[in-house]
Amino acid sequence: MKGKKERTRLESRELLSMYRDMVRIRDFEEACPRLYSQGKMGGFLHLYSGQEAVGVGVAHAIHPHDYMIAAYREHGLILAKGAHPNAVMAELFGKATGCSRGKGGSMHMFDPDIRFMGGYGIVGGHLPLAVGLAFSITYQGGDEVVVCLFGDGATNQGVFHEAMNMAALYQVPVVFICENNGYGIGTSVIRASAMESLYKKSCAYETPGLKIDGMDVLEVYEAVREAVQRAREGGGPTYIEAITYRFRGHSISDPGTYRSEQEKKIWRERDPIPNFSAWLQAENHATAEEIASIESEEKSVVAEAIRFAEESADPGPDELWTDVYVE
Amino acid sequence: MAEITCREALNQAMHEEMARDDRIFILGEDVGLYEGSFKVTKGLLARFGDRRVVDTPISEAGIVGLACGAAMIGLRPIAELMTVNFSIVAMDQIMNHVAVARYMFGGRVKVPLVIRAPGGAGHQLGAQHSHSLEPIFLHCPGLRVIVPSVPADAKGLLKSAIRSDDPIMFLEHEGIYGVKGEVPDGDYTIPLGVADIKRPGGDVTLITLSRMVYVCLEAAKQLAAAGIEAEVVDLRGLNPLDMVTVLDSVRKTRRAITVEESWLTGGWGGEVAARIMEEAFDSLDAPVLRVGCADVPMPYNKKLEKAAIPDVARVIARVREIV
């Protein structure tokens, strides 16, 4: 983290709230592999560890009434947006108390109450939906903004380009945020995209594109805040590429042989959480005791989420047939 | 009652519904300034403006995805795909997003969206522009599949579809747009999932929809001259599938033939035939037969194309096998 005190005007309270969210996400995610191996969860499990600065920076840069929509590495994002950890953990357990009532799972978290409009499992598939959400806002005269998060792999999909084009054409309030963690499963960005600088892809659509350090929560916050403000004022979409890294594999079953130990070590040293913690203390936003207290409290939050999920009931057998149709 | 074409009936339905509800908007390729490639959206841009009638780029996945997102937070889009052939480009949006969103998110969202798509064969448009994809959408839970044949149905069904809270594939055969028929005056709707007996008869049931309704009616007329009374059941859609009307008819006639323009193999006729055998096997005096498009990519040559698409002669020939 850069050391300049004047790099943010945020109050200590907000900064500590960011820190708390990042710690919560990391603890939540790091609890999952053990629960998965115990058979408490099924399906895929794409963990967010390492990318917390992106999700938390974004979530703090928007209003509660703004919309977020995301791909399938979204546990951390829905938590950052404000979902109760109990409901997210219960969803991973497939329980009726889950945020998608046990029918979505890891990839399909949803909570309209906090305007988290879903996690989606087809790479790039939700980008046109994000444009539609933003279109709806404009149509209804609202002042909300949509933030749409996706991975580097999505930028090679056809719908990425359709969505970027339509968002710019209609000048709708959407901010596209590419979490470039370097790999689409096991294929590195340079082996998948003819243009390595993914942020430049927006130039085809006359849309501002910028690259930021996705390991620095304050840099994410500032960039997204500016883009969101422009969108809210009718200035149309922005495309942000946040450079980040996932500390775990693509999913729980990823052997991870395609990344060198050296590379992982370099990125581990850039871990957004201890770096932010050190900065908060160096800049006198928090004492070591306050940091420790947050970390301890969040451990309890995750423990409580696991307890809640364990004790919740499965959906009833009738739930198999509900919600296919409204009528 | 007024006599109008299917094209005009569909157009009236959209005019009336858009006037009734500001949340309804239309988007698609050439739906506005050009007034639709089949002129079904004629006059809508002039009346409702470009906020509510939105020309799009040629981006079918983008169109359907935008409509899905808009529907999730309060709008009621009508997305026109220029033809159903292009729905294949948008199939990920339709099957992986529109159809599943409500279920996948535990019923916490609804997607009130109508996807209108003209389709069908018969104009020498070759293998990429002649599809009847009803069976593909029938296969996918979460989608309603509505298919009109006559102007009165076209109007009443489209109005119901627009008012429904579920995503609907509204499939219009290009060959019916110019067909005229009586349409009731004033505001009326036809419930989704209710078949209509287009011609009563006691000897055999012809189960059909879309343009094949006309083929079946002509076949029934010719059969009547030979003393065979065919009952023509127009399903008017495949989901909801009105098996009550079908089974009532089959129990009366004891013989059934499905007639569709989709490919025979994997067509909807197989599904209907299976259900008849499951539910009314003892009522049958003959096997349920199927008539469908030849299992080939549609050829361009006029004679070959004609040979691929079911016609009156083929329907009559199959009736003769069991009556």
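The written sequence of each chain sets the order in which its residues are numbered from 1. Both sets of labels track the order of writing: A upward for chains, 1 upward for ligands. In keeping with the model being predicted, local features are shown solely for residues with a pLDDT of at least 70 and side-chain atom pairs are shown and tallied solely at 80 or more, while totals for entire chains, interfaces and linings include all residues. The side-chain numbers reported here are obtained from all heavy atoms of the structure, hydrogens and water having been left aside.

Caption draft 1: Region of interest: the pattern of salt bridges. All names here are of chain B. Should a side-chain nitrogen of Lys or Arg be within 4 Å of a carboxyl oxygen of Asp or Glu, the pair is scored as a salt bridge. Scanning the entire structure with this criterion turns up 47 salt bridges over all chains. The salt bridge partner of Asp165 is Arg76, with a shortest N-O separation of 2.9 Å. Here Arg76 lies in strand β4 (residues 76-80) and Asp165 lies in the loop between α7 (151-163) and β7 (168-173), a separation of 89 residues in the sequence. Comparing Asp165 with Arg76 shows no difference in burial state: the two are buried. Where salt bridges share partners, they join Glu16, Glu17, Arg20, Lys155, Lys159, Arg163 and Asp187 into one cluster. Numbering of helices and strands starts at the N terminus; helices are DSSP runs of H or I of at least 4 residues and strands are runs of E of at least 2. Working definition: with a 1.4 Å probe on protein chains only, accessible area under 20% of the residue-type maximum means buried, over 50% means exposed, and in between means partly exposed.

Caption draft 2: Local environment of the nonpolar core. Within the largest apolar cluster, 89 residues are counted, with the highest numbers of intra-cluster contacts made by Phe176 of chain A together with Met72, Phe137, Leu235 and Ile276 of chain B. Per element, the largest residue contribution to this core is nine residues, and it comes from helix α5 (residues 127-139) of chain A. Here this core spans two domains, and each of domain 1 (2-183) and domain 2 (196-322) of chain B adds at least three residues to it. Membership of the second largest hydrophobic core comes to 68 residues, among which are Leu45, Val58, Val217 and Ala242 of chain A. In plain words, nonpolar cores are sets of buried Ala, Val, Leu, Ile, Met, Phe, Trp, Tyr and Cys residues tied together by side-chain atoms within 4.5 Å. Each domain's extent is set by a domain assignment, obtained either automatically or from a database.

Caption draft 3: A look at the packing of aromatic side chains. Put simply, two rings from Phe, Tyr or Trp (the six-membered ring, in Trp's case) pair if the centres are within 6.5 Å, and we call them stacked under 30 degrees between planes, edge-to-face over 60, tilted for the rest. Overall, the coordinates contain 15 aromatic pairs over all chains when judged by the stated rule. With a centroid separation of 6.2 Å and 50 degrees between ring planes, the pair formed by Tyr19 of chain A and Phe276 of chain A is classed as tilted. Here Phe276 of chain A lies in helix α10 (residues 272-282) and Tyr19 of chain A lies in helix α1 (residues 12-37), a separation of 257 residues in the sequence. Summarising the aromatic geometry, the rings of Tyr139 of chain A and Phe25 of chain B are spaced 5.4 Å apart at their centres and angled 45 degrees between planes, so their arrangement reads as tilted.

Caption draft 4: Region of interest: unusual backbone geometry. Residue and element names in this part refer to chain B. Note the cis peptide between Asn239 and Pro240, where omega equals 0 degrees. With respect to the helices and strands, the residue Pro240 is situated in the loop between β12 (237-239) and α9 (243-253). Positive phi, close to 65 degrees, is recorded for Glu35, a residue that is not glycine. Structurally, Glu35 can be placed in the loop between β2 (24-28) and α2 (44-48). Its identity as a non-glycine residue notwithstanding, Ser210 has a phi of 60 degrees, on the positive side. By secondary structure assignment, the location of Ser210 is in the loop between β10 (204-208) and α8 (212-225).

Caption draft 5: Region of interest: the sheet that holds strand β8 (residues 238-243) of chain A. Residues and elements named next belong to chain A. In this analysis, strands are considered paired if DSSP registers two or more bridges between them. If you trace the six strands from one edge of the open sheet to the other, you get β2-β1-β3-β4-β8-β7, paired in parallel fashion. With one partner strand each, in any of the chains shown, β2 (116-119) and β7 (209-213) form the two edges of the open sheet. When the angles between neighbouring strand axes are averaged without regard to direction, this sheet yields 20 degrees. The contact criterion used throughout is that any non-hydrogen atoms of two residues lie within 4.5 Å. An axis is simply a line fitted to the C-alpha atoms; with a helix, the fit covers only the stretch in contact. Between two such axes, the angle follows the N-to-C directions and lies from 0 to 180 degrees. Along the sheet face, helix α6 (residues 158-170) touches β3 (146-151), β4 (174-180) and β8 and points at about 150 degrees away from the line of β4.

Caption draft 6: Looking closely at the domain arrangement of chain B. Residue and element names in this part refer to chain B. Splitting chain B by domain gives domain 1 (2-183) and domain 2 (196-322). Put simply, the middle of domain 1 and the middle of domain 2, counted by C-alpha atoms, are 26 Å apart. Accessible surface is computed with a 1.4 Å probe, and the buried area is the amount of it that two parts give up when combined, taken over both parts together. Overall, the association of domain 1 and domain 2 removes approximately 2300 Å² of surface from exposure, summing both partners, and the carbon and sulfur fraction of that is 59%. When the buried surface of domain 1 facing domain 2 is broken down by residue, Gln124, Leu138 and Val147 rank first, second and third, together holding 27% of it. Linking domain 1 with domain 2 are two salt bridges. Arg236 serves as the salt-bridge partner of Asp153, at 3.0 Å between the closest nitrogen and oxygen. Mapped onto the side of domain 1 that touches domain 2, the elements with two or more residues apiece are α6 (134-138), β6 (144-146) and α7. Three classes are used: nonpolar for Ala, Val, Leu, Ile, Met, Phe, Trp, Tyr, Cys and Pro, charged for Asp, Glu, Lys and Arg, and polar for all others, with Gly counted as polar. Here the residues of the side of domain 1 that touches domain 2 are counted per class, giving 14 nonpolar, eleven polar and three charged.

Caption draft 7: The interface of chain B and chain A, seen in detail. Each partner contributes to the interface: chain B provides 46 residues, whereas chain A provides 43 residues. Interface area, chain B with chain A, both sides summed: about 3700 Å², of which 64% is carbon and sulfur. Of all residues in chain B, Ile73, Tyr103 and Arg108 of chain B give up the largest surface area on contact with chain A, accounting jointly for 23% of the area buried on that side. Linking chain B to chain A there are three salt bridges. In this structure, Arg108 of chain B and Asp113 of chain A form a salt bridge, with 3.2 Å as the shortest nitrogen-oxygen distance. In protein, a polar contact means a hydrogen-donor-capable atom and an acceptor-capable atom, both N or O and within 3.5 Å, with residues adjacent in sequence counting only if both atoms are side-chain atoms; elsewhere, any N or O pair within 3.5 Å suffices. Counting across the chain B and chain A interface gives 27 residue pairs in polar contact (both at pLDDT 80 or more). At the level of secondary structure, the elements contributing two or more residues to the side of chain B that touches chain A comprise β2, β3 (53-55), α3 (60-72), α4 (91-98) and α5 (101-104) of chain B. The element best represented in the side of chain B that touches chain A is α3 of chain B, accounting for ten residues.

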